[in-house]
Amino acid sequence: MRCGWAALALAAVLLGPPLPAAGAAEASAEYDGWLFQVEPDAVLLAADVPGVEAVSAEHGLYRAETQGAALAFAGLEGTTWIEPNYYVTLLDTPDDPYYGQQWSLKAIGAEAAWGMGLSGAGVRIGVVDSGIYAEHEDLAEADILPGHNYMSENGDTTDTFGHGTFVAGVIAATADNGLGVAGLAPEAELVPLKCFEGRRSTVAAVTAAIYGGVDDYACDILNLSFGVTEDTNALRDAVEHAQERDALLVAAVGNAGTETLYYPAAYEGVVGVGSVGEMLEAASATQHNESVLLAAPGERVLGLGISGPSDYITGSGTSYAAPCVTAAAALLLEGKPELAAEELLHLLCDSAEDLGMEGYDTTFGHGLLSLPALLEWAGNAPITLEQTGEQLFLKGLWVEPATGRCLWVAFYAGDKLLACREVTAEWTEEGARLDTVLAIPSGAEWVKLLALGAGQAPAAEPAELELEPSPG
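Residues numbered from 1 in each chain as written. Predicted model: local features only at pLDDT ≥ 70, side-chain atom pairs only at ≥ 80, totals over all residues. Heavy atoms only, no water.

The name recorded for the protein in an unreviewed UniProt entry is S8 family serine peptidase, from Candidatus Intestinimonas pullistercoris.

Okay, structure coming up:
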């Protein structure tokens, strides 16, 4: 397939914005080869062309070593665009080892979520990053699923750089184990989607990881603690595809301390996260622009290192603010699994604690992530029902309409109602706070918590628990 340079130049203009001059790819420090896309059903024998490889053949995305190799496909029917394969950068600031307190969890009210029994269980998070050091002692009990290495195209997702492990620890470091730190959503499922070997990668690699995260691993949430200042077709298409699959995308907004936009945080529907320090002031390096939707702790955050199983370090940057929001979304999705990604985004923003100028601003976005407010806005967080021997423990917050002021526990054997007992609750503006112990009647097989309204009809979906046979 050969054509004259005049025809190639015309095709380049038709396919997208002006491209750098031929031959610049090899000399440029800004990108690594060229990306082009064809319609998935278009006839393209890219595998037979030297210097061309598939990035995501299913989505018609290919990489060419040189601009000439990419432009050779410009005249083919179904070719939609050609652009440089820009480098992408992780958005953290390295720091020295430091053992300290997790001020970040207190700042966002983590105890409120844990007190409701929320842990992120059953929610799958794709960590699009440098991999995960699963041998760390504080990830020993984390639910780390097999993932993929999009650099080497194999299953080795070991983290040799450290960024992805730090992000994973913010999300899911084991809590209450007497070691190190506590992740905000310690029982969430983590999928390492490795596309960085160091601080820099390419649009091709991160794009393949995003596609894989939703298509191959069915992730509910993708954490994207990286950015690139160029708005590219490849990355935008991947983000839109993930959104069509109802995945929530959470991204760091950048650490240059300027108004420059970083992508993917700047794309519509992505939760762009800025950084605050311990005094809840804006971090000096966080970006100030319309991509900022939320603020979260991101300065001197205590996390996990990779120099050994007991390595703990501190780090700063919007890279580490983003996984706070990712973990909070996982807690919310655990309690309300019916929520769509767009609903999650709006709840996160609407419940934020306003900082800075009144209302939305480009420094703090809608405000600081606030778990107590988030769970209140979401409504009806799950109640913990636990059995110990012949006793039933009820704990948590039940958010109900004003008509639902009466709580009962019903005990059943099969379909037969054995007993119905009123539950003592402390009613506040937030709802009914429970910390109750009840005796389980003999023969009870399952139990249901009911909120009854004025007409004695259930005011909300009941919480249920299948009971173990009593020891006697």
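Draft legend 1. Focus on the overall build of the protein. Each helix and strand counted, the protein has 11 helices and 24 strands in total. Within the protein, the proportion of its 472 residues that are buried is 55%. Taking contacts inside the protein between residues at least 6 apart in sequence as the whole, the part at least 24 apart equals 73%. (Helix = DSSP H or I, 4+ residues; strand = E, 2+ residues; numbered from the N terminus. Buried < 20%, exposed > 50% of the residue type's maximum accessible area, 1.4 Å probe, protein only. Contact = heavy atoms within 4.5 Å.)

Draft legend 2. Region of the structure containing the pattern of salt bridges. Taken as a whole and judged by the stated rule, the model has 8 salt bridges. Glu65 is the salt-bridge partner of Arg63, the closest N and O atoms lying 3.1 Å from each other. Among the residues examined, Arg63 registers a relative accessible area of 7% and is labelled buried. Judged by its relative accessible area of 44%, Glu65 is partly exposed. Each of Asp32, Glu53, Arg63 and Glu65 takes part in one network of salt bridges that share partners. (Salt bridge = Lys/Arg side-chain N within 4 Å of Asp/Glu carboxyl O.)

Draft legend 3. Highlighting helix α8 (residues 233-244). For α8, built from 12 residues, the straight-helix expectation of 16 Å at 1.5 Å per residue is met to within 8% by its first-to-last C-alpha distance of 16 Å. What α8 keeps buried is the set Asn233, Ala234, Leu235, Ala238, Val239, His241 and Ala242. Those residues of α8 that are buried are in contact with β1 (31-38), β3 (61-64), β4 (79-90), α7 (203-215), β10 (221-224) and β12 (248-252). (Expected span 1.5 Å × (residues − 1).)

Draft legend 4. Spotlight on unusual backbone geometry. Following Tyr263, the chain continues to Pro264 via a peptide bond in cis, the omega torsion being 20°. Counting through the fold element by element, Pro264 comes out in the loop between β12 and β13 (271-276). Backbone geometry at Glu153 places phi at a positive 55°, although glycine is not the residue there. By the secondary structure assignment, Glu153 is in the loop between β7 (148-149) and α6 (163-172). Notably, Leu280 is not glycine yet its phi reads approximately 65°, a positive angle.

Draft legend 5. Quick peek at the environment of His241. Positionally, His241 belongs in helix α8. Judged by its relative accessible area of 16%, His241 is buried. Taking the C-alpha atoms as reference, His241 lies 9.6 Å from His59; in sequence the two are 182 residues apart. Setting aside its immediate chain neighbours within four residues, His241 contacts His59, Tyr211, Val214 and Asp215.

Draft legend 6. Looking closely at α7. For α7, which comprises 13 residues, the first-to-last C-alpha distance of 18 Å matches the rise-based estimate of 18 Å (1.5 Å per residue) to within 8%. Taking burial as the measure, the 13 residues of α7 include 12 buried ones, the bulk of the element.

Draft legend 7. Inspection of the environment of Met357 at higher detail. Within the element layout of this structure, Met357 appears in the loop between α10 (341-350) and α11 (371-378). The exposure class assigned to Met357 is exposed, which follows from its relative accessible area of 62%. In this structure, the C-alpha to C-alpha distance between Met357 and Gly367, residues 10 residues apart in sequence, is 9.6 Å.

Draft legend 8. Here's a closer look at the nonpolar core. If you look at the biggest cluster of nonpolar residues, it comprises 64 residues, and the most contacted ones within it are Leu184, Leu248, Val325 and Leu371. With 12 residues, the single largest contributor to this core is helix α9 (residues 318-335). If you look at the next biggest cluster of nonpolar residues, it comprises 56 residues, including Val206, Cys219, Ala234 and Val270. (Core = buried A, V, L, I, M, F, W, Y, C linked by side-chain atoms within 4.5 Å.)

Draft legend 9. A look at the UniProt feature "active site" (unreviewed entry) in the protein. The UniProt record annotates "active site" (unreviewed entry) at Asp129, His163 and Ser319. Across 191 residues of sequence, these annotated residues stay compact in space, with a maximum C-alpha separation of 10.2 Å. With respect to the element layout, Asp129 can be found in strand β5 (residues 124-129). Assessed through its relative accessible area of 0%, Asp129 is described here as buried. When neighbours within four sequence positions are excluded, Asp129 is seen to be in contact with Leu90, His163, Gly164, Val167, Leu193, Lys194, Cys195, Phe196 and Ser225. Of note is the side chain of Asp129, whose polar atom sits 3.5 Å from the side chain of Ser130. Within the fold, His163 resides in helix α6. Among the residues examined, His163 registers a relative accessible area of 1% and is labelled buried. What His163 contacts, discounting residues up to four positions off in sequence, is Leu90, Leu91, Asp92, Asp129, Ser130, Ser225, Ser319 and Tyr320. (UniProt positions renumbered as here; feature names shortened; annotations may be inferred. Polar contact = N/O pair within 3.5 Å; in protein donor to acceptor, adjacent residues only side chain to side chain.)

Draft legend 10. Structural view of the packing of aromatic side chains. Counting across every chain of the model gives 7 aromatic pairs. Between Phe166 and Tyr320, the aromatic rings sit 4.0 Å apart at their centres with planes inclined by 20°, giving stacked as the arrangement. Here Phe166 is found in helix α6, whereas its partner Tyr320 is found in helix α9, with 154 residues between them in sequence. Overall, Phe166 belongs to the buried group, its relative accessible area being 1%. Residue classification places Tyr320 among the buried positions, given a relative accessible area of 3%. These aromatic residues form a ring-pair network of at least three members: Tyr31, Trp34 and Tyr86. When the ring centre of Tyr87 is taken as origin, the NZ or CZ atom of Arg200, which lies over that ring, is 3.7 Å away. (Phe/Tyr/Trp six-rings, centres within 6.5 Å; stacked < 30°, edge-to-face > 60°. Lys NZ or Arg CZ within 6 Å of the ring centre and 35° of its normal.)

Draft legend 11. Up close: the confidence of the model for the protein. Scored by pLDDT, the protein has a mean of 83; 80% of the residues are at 70 or more. The model gives residues 1-28 a pLDDT under 50, and that stretch makes 38 contacts with residues more than four places away or in other chains. (pLDDT = per-residue confidence, 0-100.)

Draft legend 12. Spatial organisation of the packing of α9 against α10. Viewed as axis vectors pointing N to C, α9 and α10 meet at an angle of 115°, and their least axial separation amounts to 11 Å. Considering their axes alone, α9 and α10 lie roughly perpendicular with respect to each other. The chirality of how α9 crosses α10 is right-handed. For the pair α9 and α10, the contacting residues are Val325, Ala329, Leu332 and Leu333 in the first and Leu344, Leu347 and Leu348 in the second. Within the contact of α9 with α10, the residues separate by chemical class into 7 nonpolar, no polar and no charged. (Axes fitted to C-alpha atoms, helices over the stretch in contact; angles between N-to-C directions. Parallel < 35°, antiparallel > 145°, perpendicular 65-115°, else oblique. Left-handed = near helix turned anticlockwise from the far one by under 90°. Nonpolar A, V, L, I, M, F, W, Y, C, P; charged D, E, K, R; others polar.)

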